[in-house]
Number of protein chains: 2
Amino acid sequence: MPDPSNTDAIPDANTPYARLLAELRELAVLTSINATLGWDQEVMMPPAAAELRGEQAAMLSTLMHERRTSPRMGDLIAQCEADAETMADPDAAANLRNLRRDYDRVTRLPTELVREMAEVSTLSMHRWREAREKGDFAAFAPWLERLVGLNRTTAEALGVPEGGELYDALLENFEPGMRAAELDRVFGELRAGLVPLIRELRESGSPPDAAWMNIPLAMDAQVAFNRGVVERMGFDFNGGRLDVSTHPFCESAGPGDTRLTTRYDATQLLSALHGTMHETGHGLYEQGLPKAQRFGQPLAEAASMGIHESQSRMWENLVGRGRPFWEWALPELQRQVSDPAVARLDVDTVYRGLNRVEPNLIRIESDEATYNLHIMLRYDLERAMLKGDLAVADLPGAWNERVRADLGLEVPGHKEGVLQDIHWSMGAIGYFPTYTLGNLYAAQLWDALSGDLADLDDQLRRGEFGGLLAWLRTNVHAHGRRYTAPELCERATGRPLTHEPLLRYLQGKLRPIYGL
Amino acid sequence: MPDPSNTDAIPDANTPYARLLAELRELAVLTSINATLGWDQEVMMPPAAAELRGEQAAMLSTLMHERRTSPRMGDLIAQCEADAETMADPDAAANLRNLRRDYDRVTRLPTELVREMAEVSTLSMHRWREAREKGDFAAFAPWLERLVGLNRTTAEALGVPEGGELYDALLENFEPGMRAAELDRVFGELRAGLVPLIRELRESGSPPDAAWMNIPLAMDAQVAFNRGVVERMGFDFNGGRLDVSTHPFCESAGPGDTRLTTRYDATQLLSALHGTMHETGHGLYEQGLPKAQRFGQPLAEAASMGIHESQSRMWENLVGRGRPFWEWALPELQRQVSDPAVARLDVDTVYRGLNRVEPNLIRIESDEATYNLHIMLRYDLERAMLKGDLAVADLPGAWNERVRADLGLEVPGHKEGVLQDIHWSMGAIGYFPTYTLGNLYAAQLWDALSGDLADLDDQLRRGEFGGLLAWLRTNVHAHGRRYTAPELCERATGRPLTHEPLLRYLQGKLRPIYGL
């Protein structure tokens, strides 16, 4: 509770902008409650509480939606836009640009459509789980058909951005400012380089040894090692946690509350580490957003899903699968764990093993290179479905054919194929591309920051991540949604997004490992 | 999400009673969100999230208060009361009796008074913490004075029950149907028997040995033992958890979600056990209330704080400090823990040591017998302050004198004296008596159930708690707030509350242990 004598420290508490900020903060507090309950559901909640939790979430969603779409909110935004003094402040102008965009988008959707999408996607997630277990695409097909239809209606209601296509209206949900035409260009060039690179590696006949990964390591030791790495990366445990859940995630409810999860397998030496570093990347972004000052404002929110993913992928892959990192991390692990098998490991073995490329039917089990082929395949297929160029009934065939062409694998059943991911069953179309955008942004940002931090590799070799984090704080985190992702990329790296840094990075790392 | 084809299974969904139940359920869902956040705050929340959590709680309190006091709620209650068909249903009539009572009480309080009480108590809890640390009563006195005044205003607004006094208006918050005059009678008789009993024990010169309690036991082993006991007692982990917090508590958010906490000290063999059994007693009550069917209705709520406490005290003391329990629990502990010091323990030593009586300055560290003297002292003093018979400035003197008279101890400083408890700083007057009411109800219920369960001791000796729990489910838990606590006591035990069962139980257990 603030000291009552401090209330006069809030200036002009009655301007439309001050009232708008108060309104936004209330909405953010409601949203933060939902976030904490979401974390609890995955990490702590007793199984029998699922129904109650559903009711809680539904009630909060209604309250949030009411506030987000309220005429009061619309009026306040309009009043601020009409106020020259407010708009002369670049922070306020940046907030209002985003608020106008969000408000227009959310109020364009008929309540009935939002309700139907929520209901159908909840039901179809259940159907998808059953269908996946049995590999029964036909059982899921009518639901997917309905979801594609609802997405089409949603995209039409949201409106096609100028010069764009229907898919862009959905892509805007996750990656504001990005367009399918741009994705086609960048993804196409990346794919043109990746497919031959992966073929070359597979045909080299000298894949690195990965047997050492099966060295067992007790849970406790893994927990301690992971926590140590997370702390070392700069994650603030005073304002966060690291726990265990079935699927690792990062949930940031608000200022001072960013929670990571991971999962351990005692039969695998490094079972959790890269998942942990991935989520810590997300967590560091959340902790770096200016929430203490601006909670509830767009300036304290992430620029896009792709930028968010760039932070997680950077720490997971560019740091966590790099040689310099392991020159610090392996001795550190060996110091903590007294196990002869661990003691016998050398940096080269670990580095090489962690960068083994091997096409896998399952997206989330794929290596850093082939992963992107998984994403492009999903992007192309979901876009074709939305356009009406691909019938849902033809989806499995198109999927299997593309896996054969790109990954050289035969899909034995739909469980390992078209039914493997939850995203479509949740009604999410336009989300998949953000994963590969994350890889692309990460590599391009890494290029730029490697130029600024001349001794970055030496810092990493000493387990010093402060220089890297400070660069990200300044060039990415601090901006929130001040810039769109494409703008942010150009400001931070000096040029628009291209495929080159990612492709060059993968070629430069993988070819030598494979003796090419 | 329910199958849409099932909606016709809800009959008469548009009667005032059906609409009232829907309204109550929404309020209960909101309340459950607050409960889950409260648990998170004590068990999981990162320290830096405290401010955000305060905002979340304040927002939920506002939303809950709006619904609880809304004219819509009042109209629905009145419509139901006017509907003969509804009132002919005994369940509906019982719900409405409680709802009318609660609605009238809450709407009698001016919003400004509620706000002021919330603000002052939040601030004064902070002041109390500082004052307690320094043992500085003078620093806390002005806050206590204000809180006593606010409580007086609150009691006047709530209204004095017929034939009662101002204190009764507050007592109704925690123990509906109880009166100060009744407390005077029962507490007075209990005290008249307890003071000489405790003197007799102290003067016997043969206190039981308690040195064995200092056998250390690793956290992990204690966690496993405690969890095993909780499971054995019948607590449903599918709808609950057991975690660690600074102060043990039980939080039940709603159906399927009842969470217990405890705390461990590796230097004390049984550090957590009785706290755990206490909270499990609360948890079993919560899990026994008919929430699956009636969440949000008074019929699914606890009868009173005193009845709630009777459940925790029964499991903690009447079971957990009883000889039959230890005939099962000690071999069980010895089986789980391979430690020669534990192996050497015998049931008699444990049983006697757990029942050592030794007046202690601190309420929460007191034994089962002297604990009640702590409560009576607080009850008498808070009632005198409310009446205006005792000035806040004279409170420490009155406290110290009473401790000398009842416990035979000198209070070295206010930290160990009048500043030790948080309750008054939270503005809670009328709460303390429910602790001793819990002991009284527990003993009287135990008398009754021992008559019904002829072989109860044998069941406990085998670690079988199902018979005991079933009796409590039927005679206490299932009723919710159908009866007031005094009514429930009389129905379950055949007579009104008296001091006799508790006094007889303590005399019968303690005298033989002390060789008297």
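Up top is the structure these notes are about.
Calculation criteria
- Residues numbered from 1 in each chain as written.
- Chains lettered and ligands numbered in written order.
- Predicted model: local features only at pLDDT ≥ 70, side-chain atom pairs only at ≥ 80, totals over all residues.
- Heavy atoms only, no water.
- Phe/Tyr/Trp six-rings, centres within 6.5 Å; stacked < 30°, edge-to-face > 60°.
- Helix = DSSP H or I, 4+ residues; strand = E, 2+ residues; numbered from the N terminus.
- Buried < 20%, exposed > 50% of the residue type's maximum accessible area, 1.4 Å probe, protein only.
- Pairing = 2+ DSSP bridges.
- Least-squares fit on C-alpha atoms with pLDDT ≥ 70 in both.
- Contact = heavy atoms within 4.5 Å.
- Buried area = accessible area lost by both parts, 1.4 Å probe.
- Salt bridge = Lys/Arg side-chain N within 4 Å of Asp/Glu carboxyl O.
- Polar contact = N/O pair within 3.5 Å; in protein donor to acceptor, adjacent residues only side chain to side chain.
- Nonpolar A, V, L, I, M, F, W, Y, C, P; charged D, E, K, R; others polar.
- Axes fitted to C-alpha atoms, helices over the stretch in contact; angles between N-to-C directions.
- Parallel < 35°, antiparallel > 145°, perpendicular 65-115°, else oblique.
- Left-handed = near helix turned anticlockwise from the far one by under 90°.
- Arc of directions from axis to C-beta.

Right, let's get into the packing of aromatic side chains. All told, the structure shown has 28 aromatic pairs over all chains when counted by the stated rule. Summarising the aromatic geometry, the rings of Phe325 of chain A and Trp328 of chain A are spaced 5.8 Å apart at their centres and angled 65° between planes, so their arrangement reads as edge-to-face. Placement of both Phe325 of chain A and Trp328 of chain A in helix 14 (residues 323-336) is noted, with a separation of 3 residues, approximately one turn of the helix. In this structure, Phe325 of chain A and Trp328 of chain A share a single accessibility class: buried. With 5.9 Å between their ring centres and 90° between their planes, Trp424 of chain B and Phe432 of chain B make a pair best called edge-to-face.

Before going further, it helps to examine the pairing of strand 3 (residues 257-262) of chain B. Residues and elements named next belong to chain B. Here strand 3 lies mainly inside the structure; 6 of its 6 residues are buried. Here strand 3 shows no split at all, with Asp257, Arg259 and Thr261 on one side and Thr258, Leu260 and Thr262 on the other all buried. Inspection of the sheet shows strand 2 (residues 250-254) paired to strand 3 by 4 bridges, in the antiparallel sense. Residue pairing for strand 3: Cys250 is matched across the bridge by Leu260. Adjacent in sequence and paired antiparallel, strand 2 and strand 3 are bridged by 2 residues, among which Gly256 carries a positive phi angle near 80°.

Right, let's get into the relation of the copies chain A and chain B. Here chain A sits on chain B after a turn of 180° about the axis and a move of 0.0 Å along it, with an RMSD of 0.0 Å. What we have between these two chains is a two-fold relation. When the interface residues of chain A are mapped onto chain B, 100% of them again lie at the interface, so the same face is used by both copies.

The next point concerns the interface of chain A and chain B. Contacts between the two partners involve 42 residues from chain A, matched on the other side by 42 residues from chain B. Taken together, the two surfaces of chain A and chain B that pack against each other cover about 3,300 Å², and 67% of this comes from carbon and sulfur. Across the chain A-chain B interface, the total number found is 6 salt bridges. Where Asp40 of chain A meets Arg259 of chain B, a salt bridge forms, and the shortest distance between an N and an O atom there is 2.8 Å. Here chain A is connected to chain B by 12 residue pairs in polar contact (both at pLDDT 80 or more). Sorting the residues of the side of chain A that touches chain B by element identifies helix 1 (16-43), helix 2 (50-68), helix 6 (111-134), strand 1 (240-244), strand 2 (250-254) and strand 3 (257-262) of chain A as the ones contributing at least two each. Among the residues forming the side of chain A that touches chain B, the class breakdown is 23 nonpolar, 9 polar and 10 charged.

The subject of this paragraph is the sheet that holds strand 3 of chain B. All names here are of chain B. As summarised here, the arrangement of the 3 strands in space is 1-3-2, forming an open sheet in which the pairing is mixed. At either margin of the open sheet sits one strand with a lone partner, and together these are strand 1 (240-244) and strand 2. Each strand of the sheet is rotated relative to its neighbour by a mean of 20°, with strand direction disregarded. Across 5 bridges, the pairing between strand 1 and strand 3 is parallel. Along strand 3, the bridge assignment pairs Val244 with Thr262.

All right, on to the pattern of salt bridges then. Residue and element names in this part refer to chain A. Under the counting rule described, the total for this entry stands at 94 salt bridges over all chains. Notably, a salt bridge pairs Asp184 with Arg383, separated by 2.7 Å at the nearest N-O pair. Here Asp184, found in helix 9 (residues 180-203), pairs with Arg383, found in helix 17 (residues 371-387); they are 199 residues apart in sequence, far enough to count as distant. Overall, the relative accessible area of 32% leaves Asp184 in the partly exposed class. Among the salt bridges present, the one from Asp380 reaches Arg402, with a minimum N-O distance of 2.9 Å. One end of the pair, Asp380, is in helix 17; the other, Arg402, is in helix 18 (residues 395-407), and 22 residues separate them in sequence. Look at Asp380 and you get partly exposed, because its relative accessible area is 29%. On the basis of relative accessible area, Arg402 is assigned to the buried category, the value being 15%. Within the structure, one salt-bridge network assembled from shared partners comprises Arg101, Asp102, Glu172, Arg179, Glu301 and Arg481.

Residue and element names in this part refer to chain A. An order of 1-3-2 is seen for the 3 strands of this open sheet, with the pairing classed as mixed. One side of each edge strand has no neighbouring strand; the edge strands of this open sheet are strand 1 and strand 2. Going from strand to strand, the sheet's axes swing by 20° on average, the running direction of each strand aside. Strand contacts of helix 11 (residues 273-288): strand 1, strand 2 and strand 3, with the helix running at about 170° to strand 3, the strand carrying the most contacts.

This next bit is on the environment of Gly427 of chain B. Residues and elements named next belong to chain B. Following the sequence through the fold, Gly427 ends up in the loop between helix 18 (395-407) and helix 19 (433-452). Each C-alpha atom, one on Gly427 and one on Arg146, is 9.3 Å from the other, the two residues being 281 residues apart in sequence. Excluding residues that lie within four positions of it along the chain, Gly427 makes contacts with Met117, Ser121, Leu147 and Asn151.

Another aspect to go through is the packing of helix 1 of chain A against helix 5 (residues 90-108) of chain A. All names here are of chain A. Running from amino to carboxyl end, helix 1 crosses helix 5 at an angle of 55°, the nearest separation of the two axes being 12 Å. When the axis of helix 1 is compared with that of helix 5, the two are oblique. In terms of crossing hand, the pair formed by helix 1 and helix 5 is left-handed. Across the interface between the two elements, Tyr17, Leu20 and Leu24 from helix 1 touch Asp91, Ala92, Asn95, Leu96 and Leu99 from helix 5. Of the residues belonging to the contact of helix 1 with helix 5, the class tally is 6 nonpolar, 1 polar and 1 charged.

This next bit is on the environment of Leu503 of chain B. Residue and element names in this part refer to chain B. Relative to the elements of secondary structure, Leu503 occurs in helix 23 (residues 500-513). You can call Leu503 buried: its relative accessible area is 10%. With 468 residues separating them along the chain, Leu503 and Ala35 place their C-alpha atoms 36 Å apart.

All names here are of chain B. Those residues of helix 22 (residues 485-493) lying buried are Ala485, Leu488, Cys489, Ala492 and Thr493. Down the axis of helix 22, the buried side of the element spans an arc of 105°, and every buried residue falls inside it. Contacts made by the buried residues of helix 22 are with helix 13 (305-319), helix 19 and helix 21 (466-475). Of the residues one or two after helix 22, Gly494 is the one with positive phi, at around 85°.

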